Amino acid sequence: LNILTFMVLYGSYLTYFPIKLEESFGSRSFFIGIILSSSSITTAITAAQLGKLSRRFNHERLLLFSFLMYTVSLVFIPLMPHAILMFIPAMIFGFAQGINIPNIQTMLVNMAPVQHRGAFMSINGMVLRIGQTLGPMFAGLFYIIGGIQFAFYGGAFLSVLMILVVLFTLREKESS
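Residues numbered from 1 in each chain as written. Predicted model: local features only at pLDDT ≥ 70, side-chain atom pairs only at ≥ 80, totals over all residues. Heavy atoms only, no water.

Colleague: Pulling in residues and values, what's your account of the overall build of the protein chain?
Modeller: When helices and strands are tallied, the protein chain shows 7 helices and 0 strands. When the elements of the protein chain are put in sequence order from the N terminus, they spell out α-α-α-α-α-α-α. Against the 2.2 N^0.38 benchmark of 16 Å for 176 residues, the protein chain shows a C-alpha radius of gyration of 16 Å, consistent with a compact globule. Over its C-alpha atoms, taken along the principal directions, the protein chain stretches across nearly 50 × 35 × 30 Å. Taken across its 176 residues, the protein chain has 43% of its residues classed as buried. Across the protein chain, contacts joining residues at least 24 apart in sequence account for 80% of those joining residues at least 6 apart. (Helix = DSSP H or I, 4+ residues; strand = E, 2+ residues; numbered from the N terminus. Rg over C-alpha atoms; globule rule 2.2 N^0.38 Å. Buried < 20%, exposed > 50% of the residue type's maximum accessible area, 1.4 Å probe, protein only. Contact = heavy atoms within 4.5 Å.)

Okay, here's the thing in structure tokens:
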């Protein structure tokens, strides 16, 4: 799931969101930075509350919700009629990140035997870098196929794929 998360983050969001703001609305770098910062601030605030959320919802449910929020954010980005409204999908994306990233990290730490935890997390770091590398290429393919909106719809497709993976895992877990 981490590879897909970082493909969405570095592909659809970080690569094409600034391009969308500049091409569609003529936004300047400073404004684009403010919107991206709002996403990061939302991520930090949400991640700080993850302990409370984890006591109320299990890890899988939190993952499902975060992937649903990625999907909603990425579908709405091409539909926003004004630059100022781009704060909405940016903050939704940040909310998803604040739930997803620390939640996956916690799940990985809990899965790894203590004596192999360092190696486990190191491999996870490599997987993240693979997602960062593949993300722009994947979103770029969608961009070539259908323009800027398809770069976001490609990310939404990956988000739906993540939902399906979690649902399949839950079903397997419940049946055993």
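Continuing now.
Colleague: Describe the nonpolar core, listing the residues and the values that go with them.
Modeller: Ranked by size, the top nonpolar core spans 42 residues in total, and within it Y13 and F17 carry the most contacts. Elements supplying a minimum of two residues to this core: α1 (2-25), α2 (29-48), α4 (59-76), α5 (87-111), α6 (117-146) and α7 (148-175). Not counting residues up to four positions away in its chain, the partners in contact with Y13 are V8, P18, L36, S39, I77, A90 and F93. (Core = buried A, V, L, I, M, F, W, Y, C linked by side-chain atoms within 4.5 Å.)

Colleague: Before we move on, can you summarise the packing of α4 against α5 with the specific residues and values?
Modeller: Between α4 and α5, whose axes approach to 8 Å, the crossing angle comes to 150°. On the basis of their axis angle, the class for α4 and α5 is roughly antiparallel. In terms of crossing hand, the pair formed by α4 and α5 is left-handed. A breakdown of the residues in the contact of α4 with α5 according to their chemical character gives 17 nonpolar, 8 polar and 1 charged. (Axes fitted to C-alpha atoms, helices over the stretch in contact; angles between N-to-C directions. Parallel < 35°, antiparallel > 145°, perpendicular 65-115°, else oblique. Left-handed = near helix turned anticlockwise from the far one by under 90°. Nonpolar A, V, L, I, M, F, W, Y, C, P; charged D, E, K, R; others polar.)

Colleague: An account of the layout of surface pockets is needed here, citing residue identities and associated values.
Modeller: Approximately 340 Å³ is the volume found for the largest pocket. When contributions to the lining of the largest pocket are tallied by element, the ones reaching two or more residues are α4, α5, α6 and α7. (1 Å grid on protein atoms, 1.4 Å probe; cavity = no way out; pocket = protein on both sides within 12 Å on 5 of 7 lines; lining within 4 Å. Points joined across faces, edges and corners; volume = space filled by probe spheres on them.)

Colleague: Outline the packing of α1 against α2, listing residues and values.
Modeller: Where α1 meets α2, the axes come as close as 10 Å, and the angle between the chain directions of the two elements is 140°. The orientation of α1 relative to α2 falls into the category oblique. Considering only the axes of α1 and α2, their crossing is right-handed. Here Y13, L14, F17, P18, L21 and E22 of α1 lie close against α2, whose contacting residues are F31, I32, I35, L36 and S39. The residue makeup of the contact of α1 with α2, split by class, is 9 nonpolar, 1 polar and 1 charged.

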